[in-house]
Amino acid sequence: MRDKAMNRFGRQLLTAAAALGLTAGLAGCVSLGTKPPDQLLKLTAEDSAPAGATASGQLTDAIVVMDPESDRGLDVLRVPVRVNDSSIAYLKDALWVEKPTRQFRSLLAETLRARTGQLVVEGGDFEVTGKTLIGGRLLQMGYDAQRSAVVVRFDAVRSERGNGPLQTRRFEAVVNGIEAKAGPVGVALNQASNDVARQVADWIKG
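Residues numbered from 1 in each chain as written. Predicted model: local features only at pLDDT ≥ 70, side-chain atom pairs only at ≥ 80, totals over all residues. Heavy atoms only, no water.

**Regarding the overall build of the protein chain**
Logical step 1: Counting secondary structure elements, the protein chain contains three helices and eight strands.
Logical step 2: Along the protein chain, helices (α) and strands (β) appear in the sequence α-β-β-β-β-α-β-β-β-β-α when read from the amino end.
Logical step 3: Burial status across the protein chain gives 35% buried among its 206 residues.
Logical step 4: Carbon and sulfur atoms form 52% of the exposed surface of the protein chain, whose accessible area is close to 12,200 Å². (Helix = DSSP H or I, 4+ residues; strand = E, 2+ residues; numbered from the N terminus. Buried < 20%, exposed > 50% of the residue type's maximum accessible area, 1.4 Å probe, protein only. Areas by Shrake-Rupley, 256 points an atom, 1.4 Å probe, with all protein chains shown as cover.)

**Topic: unusual backbone geometry**
Logical step 1: Although it is not a glycine, D93 sits at a positive phi angle of roughly 65°.
Logical step 2: Mapped onto the elements of the fold, D93 is located in strand β4 (residues 87-96).
Logical step 3: Even without being a glycine, S148 presents a positive backbone phi close to 50°.
Logical step 4: Structurally, the position occupied by S148 is in the loop between β6 (132-144) and β7 (149-160).

**Regarding the packing of aromatic side chains**
Logical step 1: Taken as a whole, this structure holds two aromatic pairs when the rule is applied.
Logical step 2: Relative to W203, the ring of F171 has its centre 5.5 Å away and its plane inclined at 55°; by these criteria the two rings are tilted. Here F171, found in strand β8 (residues 167-176), pairs with W203, found in helix α3 (residues 182-205); they are 32 residues apart in sequence, far enough to count as distant. The residues F171 and W203 share a single accessibility class, namely buried. (Phe/Tyr/Trp six-rings, centres within 6.5 Å; stacked < 30°, edge-to-face > 60°.)

**Quick word on the packing of helix α2 (residues 100-116) against α3**
Logical step 1: It is the contact of α2 with α3, at a shortest axis distance of 9 Å, that shows an interaxial angle of 50°. Regarding the angle of α2 to α3, the classification is oblique. Where α2 crosses over α3, the two elements pack in a sense that is right-handed. Within the contact between the two elements, α2 uses F104, L107, L108, T111, L112, R115 and T116 and α3 uses N190, S193, N194, V196, A197, R198, V200, A201, D202, I204 and K205. (Axes fitted to C-alpha atoms, helices over the stretch in contact; angles between N-to-C directions. Parallel < 35°, antiparallel > 145°, perpendicular 65-115°, else oblique. Left-handed = near helix turned anticlockwise from the far one by under 90°. Contact = heavy atoms within 4.5 Å.)

**Topic: the pattern of salt bridges**
Logical step 1: Per the stated rule, a full pass over the model turns up 17 salt bridges.
Logical step 2: Here D144 ties to R82 by a salt bridge, and the two come within 3.4 Å at their closest N and O atoms. Remark: R82 occurs in strand β3 (residues 78-84) and D144 occurs in strand β6; sequence separation between them is 62 residues.
Logical step 3: Relative accessible area serves as the criterion here: at 27%, R82 is assigned to the partly exposed category.
Logical step 4: Here R115 and D202 are joined by a salt bridge, their closest N and O atoms 3.3 Å apart. Taken as a pair, R115 in helix α2 and D202 in helix α3 lie far apart in primary sequence, 87 residues in all.
Logical step 5: Since its relative accessible area comes to 25%, R115 is described here as partly exposed.
Logical step 6: Its relative accessible area of 37% is what places D202 among the partly exposed residues.
Logical step 7: Sharing partners across several salt bridges, the network here consists of D67, R102, R105, E110, R113 and E122. (Salt bridge = Lys/Arg side-chain N within 4 Å of Asp/Glu carboxyl O.)

This is the structure in structure tokens:
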């Protein structure tokens, strides 16, 4: 009886060891939890209307800033890294707090308010009532590994309600000498995005 009990105990130990080994193997293949990123990135307008500033007027005279379009590689919460002409990766340990297209829209709208002094609204139902519509396509907002640089590139489209001409222009800002880490890339992305937003605002004013 004692021998049988010992054999049964040995088989239980082997079964437990096998289960532990299987669990350890799975841990290397799948994630059993979500590790928070080291950085959450957010765009902040450097040109901002001061507290108490107001702009009034008819909604039909407003500047309406619409959501930019983008390809799927940019329409995510991760920061794209351009490896070469045919492939991209994503920056380690960095996530946007909100999709970059939506953040850029808000930054551009705030910059326009500060630099034009006009009534500026964002997207939605205003698209059918505003006088000047600003849209376009966000072509690049990420890190270029070959250049060690952050690049923001935006094809802006401006249209006027009525018989005004449709105008397009490409804007770009590059910040060179940036290390491929979440902290410095996030700072450079904010800098480059503000640069592009100011270029667009000056174009609209002109």
